[in-house]
Amino acid sequence: MNNSQTIQIIGAGLCGSLLALRLGQRGFNVEVFEKRPDLRKVDLSAGRSINLAFSNRGIKAMNLVGLQHKVKPLCIPMYGRMLHDLEGNTTLSPYSGRENEYINSISRNDLNALLLEEAEALANVTIHFNHKCTAVDFENTSSTFYKYENKTEYSRKADVIIGTDGAGSVLRKSYYLGKKFLFSFSQDYLTHGYKELTILPKENGDYKTFKNALHIWGRDAFMLIALPNLDGSFTVTLFLNYDDGEYNFNNLTSENQVRAFFSTYFKDALELMPNLVEDFFKNPTSPLGTVKCSPWHYKGNTLLLGDAAHAIVPFYGQGMNASFEDITEFDALLDKEYNNWESLFKAFESSRKKDTDAIADLAIDNFHEMKGHVNQAIFREKRNLEMAFEKTFPDLYASKYALVTFNENIGYRQAMLRGRAQDKAILNMLADGDITMPLNITDRTWLEETLKQVQIETD
Ligand code: FAD
């Protein structure tokens, strides 16, 4: 593709700033427009997931732009789920039976700032902050921006416009409102929303609870999770129904109710959060939803990437990782011989959408797993079995979670299909007595053949 062209990027979040960096490295003229102020200069963290689980698909993208050595120091490894029961007892459930398979907690701001820094250092990349896109004329490849500084509106043309403007994308809205082509769109909200809280560090700066895990207080109808930050604090997220159940976001309106809720269900967390009530009433409650749409592009003029194309609920820790993987996959197509942007965009969507649809569905499944199943004995048995399999057959078996999270070389859809087929095969083996726990295998060769067969069938 001719890199003397100008590519306009709407939105300098995680996906947009990585895209700007990569296209800049490839020599394109890149102009980025971001509605918010520069997060390197203004504190924008309030109310937006402050830290994120960052894993192999994201790391692959950082390697692509040569940045993983700068990202690594920002990461805190989380080796497993630390499960907290009602009495405050804890169990560490590792993410994998293989060493070196773990996820990382990373600050959204630090990562976004690094990507902006690197992109802006390139002479052919310009980033305009405080410029809000208000409309896109996809037929003429032109966007309208509102400039907060002097309250003026202006239009800007480009050779190609890419919308990385998140779940509420203006580019996507323009497809929908434009009614110039058949555009399918769905947005499904969960009945649960989320609110962020904090476990502050000890006075000496130490962590108040175990640092290297993703903490989960799963309570069936709702749950609390906590991820560590570099400063010794944890960002805690409460996922709760808006209006169903004894306690919900709409009826937690007084200090006493909030305390009663936490002391009943999250007693050990409450002890770590003297600041709970203040945080609870200060921080916003936000919705969670899944966005699916198609097509992602209009001819060769415009394209949606990241959450703008496929926002998902956060329960697999994959939204950002998937958005980063968009860039890796898109970039790989730039090396191929496409005559024009339209054929490249078409090829991208047809290979990518099945994977983003799959992770959207897996993320919903994991919502139920995290809030409920993790507490059940059968879930723990299954996890133990998965880990025993991973240790016994390191080259033949990886759990569904491991395939999604740690195997960046297969797509989400393949990971989903293989993971589900393996689960089914293992349940059958258990039912037939071919394996028993603790892992005792009656016929190893046969079992290896079965696992190989599952791989072949899902390749
Ligand atoms: P965004 O991050 O939403 O960025 C969009 C950017 O566009 C923003 O900077 C915005 O200001 C800008 N913008 C929007 N509209 C306009 C406009 N009109 N004009 C100009 N600019 C505009 N993912 C993970 O991988 N791991 C996790 O653990 C994880 N946890 C999460 C927890 C929560 C509670 C939530 C809500 C999400 C989580 N995610 C996680 C998902 C992750 O946050 C998103 O997938 C990721 O931020 C998508 O990046 P993006 O750049 O596509 O969109």
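Given the structure is predicted, the values throughout are model-derived calculations rather than measurements. (Residues numbered from 1 in each chain as written. Predicted model: local features only at pLDDT ≥ 70, side-chain atom pairs only at ≥ 80, totals over all residues. Heavy atoms only, no water.)

**Thoughts on the packing of helix H1 (residues 14-25) against helix H4 (residues 108-120)**
And then number 1: Orientation of H1 relative to H4, taken along the N-to-C sense of each, is 25°, at an axis distance of 8 Å. What the angle tells us is that H1 and H4 run roughly parallel. Crossing handedness for the pair H1 and H4: left-handed. Here Leu 14, Ser 17, Leu 18, Ala 20 and Leu 21 of H1 come into contact with H4, specifically with Arg 108, Leu 111, Asn 112, Leu 115, Leu 116, Glu 118 and Ala 119.
And then number 2: Class assignment of the residues belonging to the contact of H1 with H4 gives a composition of 8 nonpolar, 2 polar and 2 charged. (Axes fitted to C-alpha atoms, helices over the stretch in contact; angles between N-to-C directions. Helix = DSSP H or I, 4+ residues; strand = E, 2+ residues; numbered from the N terminus. Parallel < 35°, antiparallel > 145°, perpendicular 65-115°, else oblique. Left-handed = near helix turned anticlockwise from the far one by under 90°. Contact = heavy atoms within 4.5 Å. Nonpolar A, V, L, I, M, F, W, Y, C, P; charged D, E, K, R; others polar.)

**Structural notes on the packing of aromatic side chains**
And then number 1: Using the criterion set out here, one finds 39 aromatic pairs in the structure.
And then number 2: Between Tyr 247 and Phe 261 the ring centres are 4.9 Å apart and the planes differ by 35°, which places this aromatic pair in the tilted class. In this pair, Tyr 247 sits in the loop between strand E16 (234-241) and helix H6 (255-265) while Phe 261 sits in helix H6, placing the two residues 14 residues apart along the sequence. Summarising the burial analysis for this pair, Tyr 247 and Phe 261 share the class buried.
And then number 3: Aromatic pair Phe 262 and Phe 266: ring centres 5.2 Å apart, planes at 55°, arrangement tilted.
And then number 4: Exposure remark for Phe 262: the relative accessible area of 0% places this residue in the buried category.
And then number 5: Every member of this aromatic cluster is reached through a ring pair, and the members are Phe 138, Tyr 175, Tyr 176, Phe 181, Phe 183, Phe 185 and Tyr 298.
And then number 6: In this structure, Arg 57 is placed above the aromatic ring of Tyr 412, and the distance from its NZ or CZ to the ring centre is 4.2 Å.
And then number 7: If you follow Arg 81 out to its NZ or CZ, it ends over the ring of Tyr 401, 5.6 Å from the centre. (Phe/Tyr/Trp six-rings, centres within 6.5 Å; stacked < 30°, edge-to-face > 60°. Buried < 20%, exposed > 50% of the residue type's maximum accessible area, 1.4 Å probe, protein only. Lys NZ or Arg CZ within 6 Å of the ring centre and 35° of its normal.)

**A few points about the sheet that holds strand E11 (residues 152-157)**
And then number 1: Here 3 strands make up an open sheet; going across it, the order is E9-E10-E11 and the pairing antiparallel. Each end of this open sheet is capped by a strand with a single partner; those strands are strand E9 (131-137) and E11. The sheet shows a mean angle of 25° between the axes of neighbouring strands, direction not considered.
And then number 2: Summarising the sheet, E9 and strand E10 (residues 142-147) pair through 6 bridges and their orientation is antiparallel. For Ala 135, the partnering residue across the bridge sits in E10 and is Thr 144. (Pairing = 2+ DSSP bridges.)

**Brief notes about H6**
An α-helical segment advances 3.6 residues per turn. Residues three or four places apart therefore align on the same side.
And then number 1: Restricting attention to buried positions, one finds in H6 the residues Val 258, Phe 261 and Phe 262. Here the buried residues of H6 occupy an arc of 90° about the axis, which is enough to place them on one side.
And then number 2: Buried residues belonging to H6 abut strand E13 (184-199), strand E15 (223-228), E16, helix H7 (267-272) and helix H8 (276-282). (Arc of directions from axis to C-beta.)

**Side note on the site of the ligand**
And then number 1: In the region of the ligand, 32 residues are neighbours, and Glu 34, Ala 53, Arg 108, Asp 307 and Met 320 sit closest.
And then number 2: The contact in question runs from an oxygen atom of the ligand to an N or O atom on the backbone of Leu 14, over 3.3 Å.
And then number 3: Here an oxygen atom of the ligand and a backbone polar atom of Gly 319 are 3.2 Å apart.
And then number 4: Protein coverage of the free-state accessible area of the ligand, which is 990 Å², stands at 91%.
And then number 5: Breaking the shell around the ligand down by element, the ones donating at least two residues are H1, strand E3 (51-54), E9 and helix H10 (319-334).
And then number 6: The leading source of residues in the shell around the ligand is H10, at 4 residues.
And then number 7: For the shell around the ligand, the per-class residue count stands at 12 nonpolar, 12 polar and 8 charged. (Near = heavy atom within 4 Å. Polar contact = N/O pair within 3.5 Å; in protein donor to acceptor, adjacent residues only side chain to side chain. Areas by Shrake-Rupley, 256 points an atom, 1.4 Å probe, with all protein chains shown as cover.)

**So, the pattern of salt bridges**
And then number 1: Scanning the entire structure with this criterion turns up 27 salt bridges.
And then number 2: Its salt-bridge partner being Arg 259, residue Glu 255 comes within 4.0 Å of it at the nearest N-O pair. One end of the pair is Glu 255 and the other is Arg 259, both in helix H6 and 4 residues apart, which spans about a single turn.
And then number 3: With relative accessibility at 36%, the residue Arg 259 sits in the partly exposed group.
And then number 4: When the shortest N-O distance is used, the salt bridge between Asp 361 and Lys 292 registers 3.0 Å. Of the two residues, Asp 361 sits in helix H11 (residues 341-371) while Lys 292 sits in strand E17 (residues 285-294), which places them 69 residues apart along the sequence.
And then number 5: Here Lys 292 falls in the partly exposed class, since its relative accessible area comes to 24%.
And then number 6: The network of salt bridges with shared partners includes Asp 38, Arg 40, Lys 41, Glu 117 and Glu 120. (Salt bridge = Lys/Arg side-chain N within 4 Å of Asp/Glu carboxyl O.)

**Observations concerning the layout of surface pockets**
And then number 1: Computed from the structure, the second largest pocket encloses a volume of approximately 580 Å³.
And then number 2: For the lining of the second largest pocket, the secondary structure elements donating two or more residues are strand E6 (90-94), H11, helix H12 (377-392), helix H13 (400-406) and helix H14 (412-432).
And then number 3: For the lining of the second largest pocket, the leading source of residues is H12, giving 7 residues.
And then number 4: Here the lining of the second largest pocket is composed, by residue class, of 12 nonpolar, 6 polar and 9 charged.
And then number 5: For the lining of the second largest pocket, the two domains that each supply at least three residues are domain 1 (6-75 + 104-187 + 298-367) and domain 3 (376-458). (1 Å grid on protein atoms, 1.4 Å probe; cavity = no way out; pocket = protein on both sides within 12 Å on 5 of 7 lines; lining within 4 Å. Points joined across faces, edges and corners; volume = space filled by probe spheres on them. Domains from an automatic or database assignment.)

**Here we look at the domain arrangement of the protein chain**
And then number 1: Partitioning the protein chain into structural domains gives domain 1 (6-75 + 104-187 + 298-367), domain 2 (190-287) and domain 3 (376-458).
And then number 2: Between domain 1 and domain 3, the C-alpha centre-to-centre distance is 35 Å.
And then number 3: Taken together, the contact between domain 1 and domain 3 spans 16 residues of the former and 16 residues of the latter.
And then number 4: Summed over both sides, the interface of domain 1 with domain 3 buries roughly 1,400 Å², with 56% coming from carbon and sulfur.
And then number 5: Our enumeration of links across domain 1 and domain 3 arrives at 1 salt bridge.
And then number 6: Run the count over domain 1 and domain 3 and you get 12 residue pairs in polar contact (both at pLDDT 80 or more).
And then number 7: Within the residue set of the side of domain 1 that touches domain 3, elements represented by two or more residues are helix H2 (56-64), H10 and H11.
And then number 8: A class-by-class count of the residues in the side of domain 1 that touches domain 3 yields 5 nonpolar, 4 polar and 7 charged. (Buried area = accessible area lost by both parts, 1.4 Å probe.)

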